Amino acid sequence: MTRAEMRKQSRKGGGGGGGVQDGPPNGRSAGRNGKPGKPGKKRLIDYPRFGKTGFKRWMPSWKQVLSLFLIFFGGSVAAVGAAFALVPVPDAKTSVHIQNNIYFWADGTEMARKGDANMQWVELSEISRPAQDAVIAAENETFRTDKGIDPKGIARAVYNMATGGETQGGSTITQQYVKNVYLTQEQTLSRKAKEFIIALKISDDKDKILTGYLNTSWYGRGATGIQAASQAYYGVDANKLDICQSAMLAGLLKGAALYDPTLNAGNHDRMQDRWNYVLDRMQATKAITADDRAKCGPTFPKPIDVKAPASMTGEVYYLVETANQFVLAKDKTIDDAKLNRGGFQIHTTFEKDKVDALKEAVDQVKSESLKPDKREADKFVQVGAASVRPNDGAIVALYGGDGIENGHYSNNADSKVPVGSTFKPFVLAAAMQYGVLTKTGANGDPTQINPDSLYLADNLSPIYSKDGKPLMGDDGKPYKQRNDSPGKPGYVTLKKAMQWSYNVPFVQLGQDVGGKNVEKMVTELGLRPESLEPSSTITFPLGTSHPSSIRMASAYSVFAARGQQTDPYSVSKLLYNNVENPIFTKSQPKKVLEEAVADNITDVLENVAKNGTGNKTNALGRPVAGKTGTTDAGTSAWWVGYTPELTTAVGMWREESGNPKLLSLDGTAGHESVHGGDFPTDIFTRYMKTITKGTPVKDFPTPAPWGTEVDSSGAPISPSASTSASSSAPEEPTGPAEPPASQSPEGPSGSPSSSASCPGNGNGNGNGNGCGPSRSSKPSTKPSDSASGSASPPGGGAGGGAGGNLVGIMGQ
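From a predicted model like this one, the values you see are computed outputs, not experimental measurements.

*Asks:* Hey, could you go over the overall build of the protein chain for me, with residue numbers and the actual values?
*Replies:* Counting its regular elements, the protein chain contains 24 helices and 24 strands. Here the protein chain holds 812 residues, and the buried ones make up 55% of them. The long-range fraction of contacts in the protein chain, counting pairs at least 24 apart against all pairs at least 6 apart in sequence, stands at 73%.

*Asks:* So what about the state of the cysteines? Which residues, and what values?
*Replies:* Summed over the entire model, instances satisfying the criterion amount to one disulfide. Each sulfur of the disulfide joining Cys244 and Cys296 lies 2.1 Å from the other. Here Cys244 and Cys296 share a disulfide; its torsion about the S-S bond, -95°, makes the bridge left-handed. Here Cys244, found in helix H10 (residues 243-252), pairs with Cys296, found in the loop between helix H13 (290-295) and helix H14 (316-330); they are 52 residues apart in sequence, far enough to count as distant. With respect to class, Cys244 is no different from Cys296; both count as buried.

*Asks:* Account for the packing of aromatic side chains, with residues named and values stated.
*Replies:* Enumeration over the complete set of coordinates arrives at 13 aromatic pairs. Measuring from ring centre to ring centre gives 6.0 Å for Phe69 and Phe73, while their planes differ by 20°; the resulting arrangement is stacked. Taken together, the positions of Phe69 and Phe73, both in helix H2 (residues 62-86) and four residues apart, correspond to about one turn of that helix. Overall, the relative accessible area of 48% leaves Phe73 in the partly exposed class.

*Asks:* Describe in detail the nonpolar core, supporting the description with residues and values.
*Replies:* In terms of nonpolar packing, the biggest core is built from 117 residues, with Phe423, Phe426, Leu509, Phe559 and Leu593 touching the most fellow members. No other element matches the nine residues that H14 contributes to this core. Each residue touching Phe559, except ones within four places of it in the same chain, is listed here: Pro425, Phe426, Ala429, Leu525, Leu593, Ala598, Ile601, Thr602, Leu605 and Tyr642. Ranked by size, the runner-up nonpolar core spans 48 residues in total, among them Ile136, Tyr219, Leu241 and Ile243.

*Asks:* Talk me through the sheet that holds strand E8 (residues 344-348); I want residue IDs and the actual numbers.
*Replies:* Spatial ordering of the open sheet is given by E4-E3-E8-E18-E19, a layout of five strands whose pairing is mixed. Of all strands in the sheet, those with a lone pairing partner are strand E4 (110-114) and strand E19 (579-580), marking the two edges. Sheet topology note: the strand E3 (residues 101-104)/E8 ladder contains three bridges and is parallel. Looking at the pairing, Phe104 lines up with His347 of E8. Docked against the sheet, H14 engages E3, E4, E8 and strand E18 (571-576), running at close to 75° with respect to E4.

*Asks:* Can you lay out unusual backbone geometry for me, pointing to particular residues and giving the numbers?
*Replies:* Phi at Asn391 is positive, roughly 65°, even though this residue is not glycine. Its location among the elements puts Asn391 in the loop between strand E9 (381-388) and strand E10 (395-399). Residue Asn391 is classed as partly exposed on the basis of its relative accessible area of 44%.

*Asks:* Just give me the short version of helix H17 (residues 424-434), but keep the residues and values in it.
*Replies:* With respect to burial, H17 is a largely interior element, 11 of its 11 residues being buried. Buried residues of H17: Lys424, Pro425, Phe426, Val427, Leu428, Ala429, Ala430, Ala431, Met432, Gln433 and Tyr434, and no others. Just beyond H17, the residue with positive phi is Gly435, at close to 95°.

*Asks:* Account for the confidence of the model for the protein chain, with residues named and values stated.
*Replies:* Chain-level pLDDT for the protein chain is 81 on average; 75% of the residues reach the 70-or-more range. Note on residues 165-170: pLDDT is under 50 here. Beyond four places in sequence and across chains, it has 11 contacts. Scored below 50 in pLDDT, residues 714-792 shows 242 contacts in the model against residues more than four places distant or in partner chains.

*Asks:* Help me get a handle on the environment of Ala497, residues and values and all.
*Replies:* Within the fold, Ala497 resides in helix H18 (residues 494-499). Residues Ala497 and Val604, 107 residues apart in the sequence, show an inter-C-alpha distance of 9.8 Å. Ignoring any residue separated from it by four or fewer positions in sequence, one finds Ala497 in contact with Val492, Tyr502, Pro505 and Phe506.

*Asks:* Go over the pattern of salt bridges with me, naming the residues and quoting the values.
*Replies:* Within this structure, the stated rule accounts for 24 salt bridges. Put simply, Arg129 and Asp133 hold a salt bridge, and the shortest N to O gap is 3.2 Å. Of this pair, Arg129 and Asp133 both sit in helix H4 (residues 129-139), four residues apart, which is roughly one turn of the helix. In this structure, Glu351 engages Arg389 in a salt bridge whose closest nitrogen and oxygen atoms are separated by 2.4 Å. Note that Glu351 is positioned in the loop between E8 and helix H16 (352-369) and Arg389 in the loop between E9 and E10, a separation of 38 residues in sequence. By relative accessible area, Glu351 is classed as buried at 19%. Taking the relative accessible area as the measure of exposure, Arg389 reaches 27% and is therefore partly exposed.

*Asks:* Provide a residue-level description of the environment of Ser453, including the pertinent values.
*Replies:* Looking at the secondary structure, you find Ser453 in the loop between strand E12 (446-447) and strand E13 (454-456). The spatial distance from the C-alpha of Ser453 to the C-alpha of Val710 is 4.9 Å, given a sequence separation of 257 residues.

*Asks:* Explain the pairing of E18 to me, using residue names and the numbers behind them.
*Replies:* With five bridges joining them, E8 and E18 adopt antiparallel strand pairing. What sits directly across from Gln345, in E18, is Leu575. If you look at the hairpin formed by E18 and E19, you'll find two residues sitting between the two strands, and Asn577 has a positive phi there, around 50°.

*Asks:* I'd like to hear about the side chain of Arg654, residue by residue, with values.
*Replies:* Looking at where Arg654 falls in the secondary structure, it is placed in strand E23 (residues 647-655). Glu376 provides the closest opposite charge to the buried, unpaired Arg654, separated from it by 5.2 Å. For Arg654, the side chain forms a polar contact with the main-chain oxygen of Lys379, separated by 2.9 Å.

*Asks:* Describe the packing of H17 against helix H19 (residues 503-513), and please don't skip the residues or the numbers.
*Replies:* Between H17 and H19, the least distance of the axes is 10 Å, while the angle of their chain directions is 40°. When the axis of H17 is compared with that of H19, the two are oblique. By crossing handedness, the relation of H17 to H19 is classed as left-handed. Along the contact surface, H17 presents Lys424, Val427, Leu428, Ala430 and Ala431, while H19 presents Asn503, Phe506, Leu509, Gly510 and Val513. The residue inventory of the contact of H17 with H19, partitioned by class, reads seven nonpolar, two polar and one charged.

*Asks:* How would you explain H16 if you had to name every residue and give the values?
*Replies:* With 18 residues, H16 should reach 26 Å at 1.5 Å per residue; the first-to-last C-alpha distance of 26 Å fits that figure. Of all the residues in H16, the buried ones are Lys354, Val355, Ala357, Leu358, Ala361, Val362, Val365, Lys366 and Ser369. Elements in contact with the buried residues of H16: H14, E9, E10 and helix H23 (679-692).

*Asks:* So what's going on with the packing of helix H21 (residues 549-560) against helix H22 (residues 595-611)? Which residues, and what values?
*Replies:* Remark: H21 packs on H22, axes separated minimally by 7 Å, with the N-to-C direction vectors making an angle of 110°. Overall, the two elements H21 and H22 adopt an arrangement that is roughly perpendicular. Packed against H21, whose contacting residues are Tyr556, Val558 and Phe559, the element H22 presents Ala598, Ile601, Thr602 and Leu605 at the interface. Here the contact of H21 with H22 is built from residues that sort into six nonpolar, one polar and no charged.

Calculation rules
Residues numbered from 1 in each chain as written. Predicted model: local features only at pLDDT ≥ 70, side-chain atom pairs only at ≥ 80, totals over all residues. Heavy atoms only, no water. Helix = DSSP H or I, 4+ residues; strand = E, 2+ residues; numbered from the N terminus. Buried < 20%, exposed > 50% of the residue type's maximum accessible area, 1.4 Å probe, protein only. Contact = heavy atoms within 4.5 Å. Disulfide = S-S within 2.5 Å. Phe/Tyr/Trp six-rings, centres within 6.5 Å; stacked < 30°, edge-to-face > 60°. Core = buried A, V, L, I, M, F, W, Y, C linked by side-chain atoms within 4.5 Å. Pairing = 2+ DSSP bridges. Axes fitted to C-alpha atoms, helices over the stretch in contact; angles between N-to-C directions. pLDDT = per-residue confidence, 0-100. Salt bridge = Lys/Arg side-chain N within 4 Å of Asp/Glu carboxyl O. Lys, Arg positive; Asp, Glu negative; His and termini not counted. Polar contact = N/O pair within 3.5 Å; in protein donor to acceptor, adjacent residues only side chain to side chain. Parallel < 35°, antiparallel > 145°, perpendicular 65-115°, else oblique. Left-handed = near helix turned anticlockwise from the far one by under 90°. Nonpolar A, V, L, I, M, F, W, Y, C, P; charged D, E, K, R; others polar. Expected span 1.5 Å × (residues − 1).

Okay, here's the thing in structure tokens:
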């Protein structure tokens, strides 16, 4: 006994010494000297252990340990046995249910029903051997010999679920097949346990597993199963699939939304890599020979055109695809296969009147301007656009293309095309919000500047680092930035530089504020990091990056919302089998710009729309702010503009379907060159006229004073600016406010009059080579925003492109 027990027993006996105790403690008789004797009444479990003291009293005996192990082991075996017996094996032919998805407009009326998914069961003997071998090579090379279970994969999935990490699919064909037929996609331990048991039950019947897997897998294009997929992509039955076609279809199993090559250029490139991988694995596993591999050639067989469902014509297809992509990104428990098997009610943010008006504006401009049967440059013209509501994030309208019924499958509103000079307001916002590194205040912080700051705008001006040293090109000579015309307007305010879209001031401003700070600003405004070019390149401020029109409209909406950023969204409510998904709520606005900064940017951009390269918008008859943009070699043209209520991005480019390469817009619609102030601005104006008709005019807020006037760093004073370059320089540059109409800041870069004086190798790739962007320079852009009408910038030079009508938009 412990000392405490002995004292307690002593008190019960009424005695004091350490003699013999009166009663038997713990049901045992006492021996000599008060020590425990033999047990009295025997206990069922001798714990705590009799006759032991200290920690040994609480340490189980080996018999107890063995007993516990046998009980636990036996119970576990019994539990597994019971579960094994009670969990049924689903019937693959009846377990996959296909339903409609219903899509609604923002006002609650029905937009479309998407129920084109189909499933046609075929036996293994009706599936070509190459189709079987391609799937095994791509998904599970050891399928014929393994036990159907990947313990490491299961452990990884369980760990990810327990820690909140991203879950991964089954790593064997057997496990993936079980997941296909088990219906629910919930990521729970109980589901994993049931999948494990089912996989064990069926693991020996390889032909049954492969048959079920090929018939229940999702291939995209509404096709569940190999037979439906072979018809959807190649118009043949599954038993007619050859090696090359089989490898392409097997590649889709990794995710049709990412690998269907007809959806967009990125998918096409991913499928090319995946197709080569599958063929290489087929050869490595000796499913095919090297000669078989060579017969497939360098590219995968081109799939047949998609058959457009009647409810998916026009812009509806692109709206539905945008909503689907948002659902998949928002809820990771929903995959492409589950979404396309239906049962969802998807309430979108799209407003039918705005979608129709945007399409009408695009169609009008294209029909009036393009003659593809007569002009080669009018072929393959693409347009994409998006409208976002400021301070909310709702995407209310898209223009994605001519419609899948006309053979256009990719969504132009989500395409990736350089944005040109529409990027310049972001550089100015960074300088105003974060300050320039070339001048610091008393506390050592960068100085926040304002749009009245003077920057040199002369063509072919040297660019200086933040510490005043000239940047050098790859040829060892000073880097000189090219404008789009060879004039020398001298020092101008940043407001004026934005009005005429001079390149030199904003490339220098990018150095003064720092590329990383510009990058920080654009990501704060909502641009995706993967859409950005390296911020270390000199021409980063000129829009070499390629955000989508959706993201550009969203970023500009921050200016309209006076500094409040809200992520764009296209789905306001989601129900699955009539149960609402609670995570589909819009994000709350967050402040990323000071109100005064946003208002001053709007003031600068309102001047662009009224007096500068975007002056076509004056026809709208209400306040508009925005920026034009044109890229290197004239491969794209942009307008991103807004009123206080709505922000819209419109872009235009040329790209042949199935050949992801940008073509020049020069010569399009009979114009020598095409700029953002031409067709994109015209589309915006027509669209806004329609949707604002009869609505009250709302003014932008008057901007509060902000920041300090700071002259550009390091640049020498040009002769043309000698009278204006001083700390007390007037807001506007000297010289005529309305120069001759022949002068334009946005004519083709690399014009003969400017190239002769350009030192260095002249490739202008933005890495310090030559003289900055030019028509022949890659990959840097040639931001060129041609002013329409008679207004032209100061500083002269060769004329730019004429005005006109047409549109295009860029990717996310």
